[in-house]
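# An overview of the molecular structure
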Amino acid sequence: MQLAVEQPNNLRELNRGLMGRRDLAENQGMIFVYQYPQRMGFYMRNTPLPLDIGFFTKDGVLREVRQMFPFDETSVTSARTDIHYALEMNQGWFERHGVKPAPSMTSDAGAKLDLKALGEALEARGFKPENYGLRDEAAR
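Residues numbered from 1 in each chain as written. Predicted model: local features only at pLDDT ≥ 70, side-chain atom pairs only at ≥ 80, totals over all residues. Heavy atoms only, no water.

With that out of the way, let us pick up the pattern of salt bridges. Counting across every chain of the model gives six salt bridges. Here Asp82 makes a salt bridge to Arg80, at a shortest N to O gap of 2.7 Å. Exposure remark for Asp82: the relative accessible area of 29% places this residue in the partly exposed category. One salt bridge in this structure joins Lys116 and Glu120, with 3.5 Å as the shortest N-O distance. One end of the pair is Lys116 and the other is Glu120, both in helix α3 (residues 115-124) and four residues apart, which spans about a single turn. (Salt bridge = Lys/Arg side-chain N within 4 Å of Asp/Glu carboxyl O. Buried < 20%, exposed > 50% of the residue type's maximum accessible area, 1.4 Å probe, protein only. Helix = DSSP H or I, 4+ residues; strand = E, 2+ residues; numbered from the N terminus.)

What follows is the structure, encoded as structure tokens:
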């Protein structure tokens, strides 16, 4: 499935995320790409849209999906400490489209990001994919 996903260009855009956005198309969202795997936390300050956030490991496997509610400033944190990517979509999107996380901590049977396409998108925007753990994927 192809999505129209925005990726923040700088720290200001990264911190702003989807704040102030009142609507997203069904297959539109925002992806957050980090240089190092970590536990991630997001909140909904000034964000009127109900969202879901999917947390992915470096191999692109979806590991967790959490709900986020409008204007809630309580941090929604990943349970895992090895999260490399986060994808915000309209609330219920993952369920509606059958995009499911891996069934266990060690399984890689969950939905996957297209890391080659992600690497190419980063490169097209002037980023070095290898700085985001995407060296091999961008070269393929």
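One non-glycine residue with positive phi stands out, namely Asn46, at about 55°. Here Asn46 is to be found in the loop between β3 (41-42) and β4 (51-57). Classification of Asn46 as partly exposed rests on a relative accessible area of 46%. Its identity as a non-glycine residue notwithstanding, Phe71 has a phi of 65°, on the positive side. Positionally, Phe71 belongs in the loop between β5 (62-68) and β6 (76-77). Accessibility expressed as a relative area gives 51% for Phe71, which makes it exposed.

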